[in-house]
Amino acid sequence: AECVSGCVCPEGLFDDGKGGCVEEKDCPCIHNNQWYSPGQKITVDCNTCTCQKGLWSCTEYVCYGTCMIYGSGHYITFDGKFYDFDGSCEYVATQDFCGDKNSSGSFSIITENVPCGTTGVTCSKAIKMFLGKTELKLENKDYKENQRDIGDDVRYWNRTVGLYLVIEASNGVMLIWDKKTTVFIKLTPDYKGKVCGLCGNFDDKSNNDFTTRSGLQETNALKFGNSWKQSSMCPDITQEIEPCDVKPHRKSWAEKECSIIRSEVFKICHSKVDPIPFYEACVHDACSCDSGGDCECFCSAVAAYAQECTKAQACVFWRTPDIC
């Protein structure tokens, strides 16, 4: 009945979001607030997505699962659950010996946690990796191999990539270690729902990751963690340690240093990976590492966030001559 002022596209053309009109085949796509032209590709985890007529069309490969253990007792399970556990003992990080006693498995990865600093928090000092009859022990920036009498032959390869030692086995298990307190465990999709330990069960659901050794669902990280200790001689952990309360004089320094995670430096990553748990873990570590190595603890904590950002296609250059 009457005219309305404004701009519209002629019939058969579409608004491209940038003030222009295009045919449907030329519609752009949007991902994480960025525009992509038709035909442009992005990678999401192990899949490639192509922009077609304004929609993403993606390959549907099933991707490797990754569990991360870093700093003073921070865990991110295969299904993405983030929690803290400060036990001082050897614990099963992940294994495929789950279920009944007779079930045969091909691997087990054990983390040995020791106190780091004087507040009582613990860091991973050594990792034992059992692959069939081979036992690898990673500590002091190096690894040793032992052959046992039982088990199958599982081949493995090792290589160094930048800061990391990578051990890749023929059964689909990969371990990446920064020779300090960070370890990544990667598993092929064949292990989905078939593993157990501190890294959870890799079934794409994070709400059941706290499954104890006896198969019970726990809500409490301490009870869950205690159930996976290797030796009954180790004491159970009964309370969470808050190092910044124990060392209040370190708190403001820790918050100031760790604020880089929430700063402009990591801005492109904030919408992809929530910085808050990583910031809190960083403050926790910076308070707790008070017997030397405080920079190492801080740097590992920031690097853990940077690593997750890289996985989410947000590459951040955060290291400078002054920082790490």
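Cut-off values and rules
- Residues numbered from 1 in each chain as written.
- Predicted model: local features only at pLDDT ≥ 70, side-chain atom pairs only at ≥ 80, totals over all residues.
- Heavy atoms only, no water.
- Helix = DSSP H or I, 4+ residues; strand = E, 2+ residues; numbered from the N terminus.
- Buried < 20%, exposed > 50% of the residue type's maximum accessible area, 1.4 Å probe, protein only.
- Contact = heavy atoms within 4.5 Å.
- Areas by Shrake-Rupley, 256 points an atom, 1.4 Å probe, with all protein chains shown as cover.
- Disulfide = S-S within 2.5 Å.
- Core = buried A, V, L, I, M, F, W, Y, C linked by side-chain atoms within 4.5 Å.
- Phe/Tyr/Trp six-rings, centres within 6.5 Å; stacked < 30°, edge-to-face > 60°.
- Arc of directions from axis to C-beta.
- Domains from an automatic or database assignment.
- Pairing = 2+ DSSP bridges.
- Axes fitted to C-alpha atoms, helices over the stretch in contact; angles between N-to-C directions.

1. A word on the overall build of the protein
Broken down by element type, the protein carries six helices and 19 strands. Projected onto its principal axes, the C-alpha coordinates of the protein cover approximately 85 × 50 × 40 Å. When each of the 324 residues of the protein is scored for burial, the buried share is 45%. In the protein, 47% of the contacts between residues at least 6 apart in sequence involve partners at least 24 apart. Of the roughly 17300 Å² that the protein leaves accessible, carbon and sulfur atoms contribute 50%.

2. A word on the state of the cysteines
Scanning all chains against the criterion turns up 13 disulfides. In this model Cys-116 forms its disulfide with Cys-123; the gap between the sulfur atoms is 2.1 Å. Residues Cys-116 and Cys-123 are joined by a disulfide whose S-S torsion is about 75°; by sign, that bridge is right-handed. Neither residue differs from the other here; Cys-116 and Cys-123 are each classed as buried. For Cys-269, the disulfide goes to Cys-309, at an S-S distance of 2.0 Å. Between Cys-269 and Cys-309 the disulfide shows an S-S torsion of about -95°. By sign, it is left-handed. In this pair, Cys-269 is assigned in helix α4 (residues 267-270) and Cys-309 in helix α6 (residues 294-311), connecting sequence segments 40 residues apart. Here Cys-309 falls in the buried class, since its relative accessible area comes to 0%. Sulfur of Cys-3: no disulfide; nearest cysteine sulfur belongs to Cys-7 and is 14 Å away. With no disulfide of its own, Cys-7 has Cys-21 as its nearest cysteine by sulfur position, at a separation of 8.4 Å.

3. Structural notes on the nonpolar core
With 43 residues, the main nonpolar core has Ile-109, Leu-175, Ile-185 and Leu-187 as its most contacted residues. Looking at which element gives the most residues to this core, the answer is strand β13 (residues 122-131), with four residues. Apart from the residues lying within four places of it in its own chain, the contact partners of Leu-187 are Tyr-64, Gly-65, Phe-78, Thr-94, Phe-107, Gly-172, Val-173, Val-195 and Phe-202. The next biggest cluster of nonpolar side chains, apart from the first, holds 34 residues, and it includes Cys-258, Ile-260, Ala-286 and Ala-303.

4. Thoughts on the packing of aromatic side chains
On inspection of all chains with the given rule, the structure shows twelve aromatic pairs. Look at Tyr-75 and Tyr-83: their rings are 5.1 Å apart centre to centre, the planes differ by 10°, and that puts the pair in the stacked class. On the basis of relative accessible area, Tyr-75 is assigned to the buried category, the value being 1%. For Tyr-83, a relative accessible area of 5% translates into the label buried. By way of ring pairs, the aromatic residues Tyr-75, Tyr-83, Phe-210 and Phe-224 are connected into one cluster.

5. Side note on helix α3 (residues 248-258)
Residues Arg-250, Ala-254 and Cys-258 constitute the buried set of α3. When α3 is viewed along its axis, its buried side chains cluster within an angular range of 60° and face the same direction. Away from its buried face, by an angle of more than 90 degrees, α3 presents the exposed residues His-249, Ser-252 and Lys-256. In this structure, the buried side of α3 is in contact with α5 (276-288) and α6.

6. Focus: the environment of Ile-241
Take Ile-241: it is sitting in the loop between α1 (221-227) and α2 (243-246). When the C-alpha positions of Ile-241 and Lys-141 are compared, they lie 28 Å apart, and in sequence the two are 100 residues distant. Setting aside its immediate chain neighbours within four residues, Ile-241 contacts Asp-86, Thr-119, Gly-120, Val-121 and His-284.

7. Thoughts on the domain arrangement of the protein
Parsing the protein into structural domains produces domain 1 (14-58), domain 2 (65-227) and domain 3 (243-312). On a C-alpha basis, the centres of domain 1 and domain 2 stand 39 Å from each other.

8. A closer look at the sheet that holds strand β11 (residues 90-95)
Ordered by their spatial adjacency, five strands build an open sheet running β11-β12-β13-β14-β15, and the pairing between neighbours is antiparallel. The open sheet is flanked by β11 and β15 (142-147), the only strands paired with a single partner. Within the sheet, the average angular offset between the axes of one strand and its neighbour, ignoring direction, is 25°. Alignment of β11 against strand β12 (residues 107-115), held across five bridges, turns out to be antiparallel.

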